[in-house]
Amino acid sequence: MADLITAGLITLGWRERLALPQLGIGLLKAKLDTGARSSSLHVDTLEEFQRDGAIWLRFTMHVGRRQTTHICCEAPALDRRAVTDTGGRRTERWFIRSEVRLAGQHFSVDINLTDRRHMLFPMLLGRSALDGRFAVDPARSYTQPRPLPAASDIP
């Protein structure tokens, strides 16, 4: 039965490199987690502001664990929803929608913004983003080459 479900899907490892080009992030390590419904992105700071009558979010983050410079990103707020973390605690989190580039595919994902500084990966890609696109083999990692910038990303 599992073979029928995964037939035609790209198989990825439990950790992969991806890009979030709309946020200016060309390379980011992510944990692929079929047990988590939503995707999460680490932010160090987060503030709301108004632009053209809509709520936008401005946030800073480190792309890698050893990187000392912050990246500043802005995105329109999609929603604010309750999320239950692995410890069973429910918190309200802001969500954005952003394009993800992974394994030669480009697709939009709803991503919640949270403090993941104590986690190994700045991004968690949940099952809502993976469903129908990828199968995950927990015995593998970094199965895909680093994402290449799209022609539209090059000045």
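The structure reproduced in this document is the subject of the present report. The shown structure was predicted, so the numbers you read here are calculated from the model rather than taken from an experiment. (Residues numbered from 1 in each chain as written. Predicted model: local features only at pLDDT ≥ 70, side-chain atom pairs only at ≥ 80, totals over all residues. Heavy atoms only, no water.)

Some thoughts on the overall build of the protein
Here is step 1 of the chain: Within the protein one finds two helices and 12 strands.
Here is step 2 of the chain: Per-residue burial over the protein gives 39% buried out of 155 residues.
Here is step 3 of the chain: Sequence-distant contacts, at least 24 apart, represent 57% of the contacts inside the protein between residues at least 6 apart. (Helix = DSSP H or I, 4+ residues; strand = E, 2+ residues; numbered from the N terminus. Buried < 20%, exposed > 50% of the residue type's maximum accessible area, 1.4 Å probe, protein only. Contact = heavy atoms within 4.5 Å.)

What about the nonpolar core?
Here is step 1 of the chain: In terms of nonpolar packing, the biggest core is built from 30 residues, with L20 and L41 touching the most fellow members.
Here is step 2 of the chain: With sequence-adjacent residues up to four places away left out, L41 is seen in contact with L20, L23, L28, F59, M61, I111, N112, L113, T114, R116, P122 and M123. (Core = buried A, V, L, I, M, F, W, Y, C linked by side-chain atoms within 4.5 Å.)

Section: the sheet that holds strand β5 (residues 45-51)
Here is step 1 of the chain: On the basis of which strands lie adjacent, the open sheet formed by three strands has the order β5-β6-β7 and antiparallel pairing. Strands with a single pairing partner mark the edges of an open sheet, and in this sheet they are β5 and β7 (71-76). Averaged over all adjacent pairs, the angle separating strand axes in this sheet is 25°, with direction ignored.
Here is step 2 of the chain: Pairing analysis gives seven bridges linking β5 to strand β6 (residues 54-61), with the strands arranged antiparallel. Bridge pairing in β6 places E47 opposite R58. (Pairing = 2+ DSSP bridges. Axes fitted to C-alpha atoms, helices over the stretch in contact; angles between N-to-C directions.)

What to know about the packing of aromatic side chains
Here is step 1 of the chain: One pass over the structure, following the stated rule, counts three aromatic pairs.
Here is step 2 of the chain: The side chain of R17 reaches across the aromatic face of Y142, ending 4.1 Å from its centre. (Phe/Tyr/Trp six-rings, centres within 6.5 Å; stacked < 30°, edge-to-face > 60°. Lys NZ or Arg CZ within 6 Å of the ring centre and 35° of its normal.)

Focus: the pattern of salt bridges
Here is step 1 of the chain: A full pass over the atoms with the stated rule returns nine salt bridges.
Here is step 2 of the chain: The partner of R58 in a salt bridge is E47, and the shortest N-O contact between them spans 3.3 Å. Within this pair, whereas R58 is found in strand β6, its partner E47 is found in strand β5, the two being separated by 11 residues in sequence.
Here is step 3 of the chain: Owing to a relative accessible area of 25%, R58 belongs among the partly exposed residues under this scheme.
Here is step 4 of the chain: Owing to a relative accessible area of 42%, E47 belongs among the partly exposed residues under this scheme. (Salt bridge = Lys/Arg side-chain N within 4 Å of Asp/Glu carboxyl O.)

Some words on unusual backbone geometry
Excluding glycine, most residues fall at negative phi; most peptide bonds, likewise, are trans.
Here is step 1 of the chain: Residues other than glycine seldom take positive phi values, yet A103 does so here, at roughly 55°.
Here is step 2 of the chain: Within the secondary structure layout, A103 lies in the loop between β9 (90-102) and β10 (105-114).
Here is step 3 of the chain: Even without a glycine there, the phi angle at Y142 is positive, about 45°.
Here is step 4 of the chain: Its location among the elements puts Y142 in the segment after β12 (134-137).
Here is step 5 of the chain: A residue is classified by how much of its surface remains accessible, and Y142, at 22% relative accessible area, is partly exposed.

Quick notes on the layout of surface pockets
Here is step 1 of the chain: By volume, the largest pocket is sized at about 720 Å³.
Here is step 2 of the chain: In terms of lining residues, the largest pocket is bounded by 28 residues, among which V83, T84, D85, T86 and R93 are the most central.
Here is step 3 of the chain: Per-element accounting of the lining of the largest pocket gives the leading share, four residues, to strand β8 (residues 79-84).
Here is step 4 of the chain: Here the residues of the lining of the largest pocket are counted per class, giving nine nonpolar, eight polar and 11 charged. (1 Å grid on protein atoms, 1.4 Å probe; cavity = no way out; pocket = protein on both sides within 12 Å on 5 of 7 lines; lining within 4 Å. Points joined across faces, edges and corners; volume = space filled by probe spheres on them. Nonpolar A, V, L, I, M, F, W, Y, C, P; charged D, E, K, R; others polar.)

Comments concerning the pairing of strand β3 (residues 25-33)
Here is step 1 of the chain: Where strand β2 (residues 15-20) and β3 come together, five bridges link them in antiparallel fashion. Note that in β3 the partner of L20 across the bridge is I25.
Here is step 2 of the chain: The turn joining β2 and β3, which pair antiparallel and follow one another in sequence, is formed by four residues; a positive phi near 80° is taken by G24.
Here is step 3 of the chain: By the bridge criterion, four bridges tie β3 to strand β11 (residues 123-126) in an arrangement that is parallel. The residue bridging L32 from the neighbouring strand is L125, located in β11.

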